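Chains, contacts and geometry: an overview
For reference, the chains in residue letters:
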Amino acid sequence: HEEVVEPVRREIDAGAVRIATRVETTPTEWETTLRRDNVTIERVPVGQPVEAVPEARWEDDTLIVPVLEEEIVVSRRLVLREEIRITRRLEARAVSGTEPVRREIVDVERVGPADATPDTAP
C-alpha cells in the first residue's frame, strides 16, 4: 500500500470589490507677471559725409541703425543721412485669477464576505 497525495482545488467566494470614480472640482487661485515691450522709433537727421559704412550700435537701451545714401558730387562719398533710434522699455504687471481644478477620487467598497479566506494547497 502506498499513500498518494492529490491536491484538490476548490473555489471559495472571498467577496468582491466595487470601484467607483468621481470628479471633484475646487477653485484654485493663481498669480503671474505679464511682460510687454514698448518700442519707440525716432528718426534723427544727420547729413554727415562718412568714409565707410558705420555699424549699427547700442547706446544704453537704444539701438542706432545708420541709414546711408549716395550723393553724386564730382566724386562719390557716403553721407550718413539719418539714424533710426529704437528704444526698448519693459513693462511688467502682476495678474491673478481663479480657475477650477479637477481631480479624480476613487472609492473602493468591499462587497460580500470579508472574513472568508481561500484554501491554499501545499
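See the structure printed just above.
Described below are features of the structure shown in this document. (Residues numbered from 1 in each chain as written. Predicted model: local features only at pLDDT ≥ 70, side-chain atom pairs only at ≥ 80, totals over all residues. Heavy atoms only, no water.)

Moving on, we come to the environment of arginine 85. Here arginine 85 is to be found in strand β4 (residues 76–111). Distance in space between the C-alpha atoms of arginine 85 and glutamate 59 is 9.4 Å, their sequence separation being 26 residues. Once residues within four sequence positions are removed from consideration, arginine 85 is found in contact with Thr40, Ile41, Glu42, Val44, Glu59, Thr62, Leu63 and Ile64. Here glutamate 83 takes part through its side chain, which lies 3.1 Å from a polar atom of the side chain of arginine 85. (Helix = DSSP H or I, 4+ residues; strand = E, 2+ residues; numbered from the N terminus. Contact = heavy atoms within 4.5 Å. Polar contact = N/O pair within 3.5 Å; in protein donor to acceptor, adjacent residues only side chain to side chain.)

We now examine the pattern of salt bridges. Inspection of every chain in the model, using the stated rule, returns 11 salt bridges. Across the pair glutamate 59 and arginine 57 runs a salt bridge, and its minimum N-O distance is 3.3 Å. A salt bridge links glutamate 83 to arginine 57, with the nearest nitrogen and oxygen atoms 3.0 Å apart. Taken together, the residues span a long stretch of sequence, with glutamate 83 in strand β4 and arginine 57 in strand β2 (residues 57–59) at a distance of 26 residues. (Salt bridge = Lys/Arg side-chain N within 4 Å of Asp/Glu carboxyl O.)

Together, Val17, Ile19, Val106 and Val108 make up an exposed nonpolar region whose accessible area comes to about 380 Å². For the nonpolar patch, the secondary-structure elements that each account for two or more residues are β1 (16–50) and β4. Position of valine 17 among the secondary structure elements: in strand β1. (Patch = residues over 30% accessible without salt bridge, like charges linked within 9 Å, V, L, I, M, F, W, Y side chains within 5 Å. Areas by Shrake-Rupley, 256 points an atom, 1.4 Å probe, with all protein chains shown as cover.)

This part takes up the side chain of glutamate 82. Structurally, glutamate 82 is set in strand β4. Look at glutamate 82 and you get buried, because its relative accessible area is 8%. Within the structure, the side chain of glutamate 82 is placed 2.6 Å from the side chain of arginine 43, a separation counted as a polar contact. Sequence-distant contacts of glutamate 82, defined by excluding residues within four places in its chain, comprise Arg43, Val44, Pro45, Val46, Val65, Pro66 and Val67. (Buried < 20%, exposed > 50% of the residue type's maximum accessible area, 1.4 Å probe, protein only.)

Taken by themselves, the reported measurements are silent on function.
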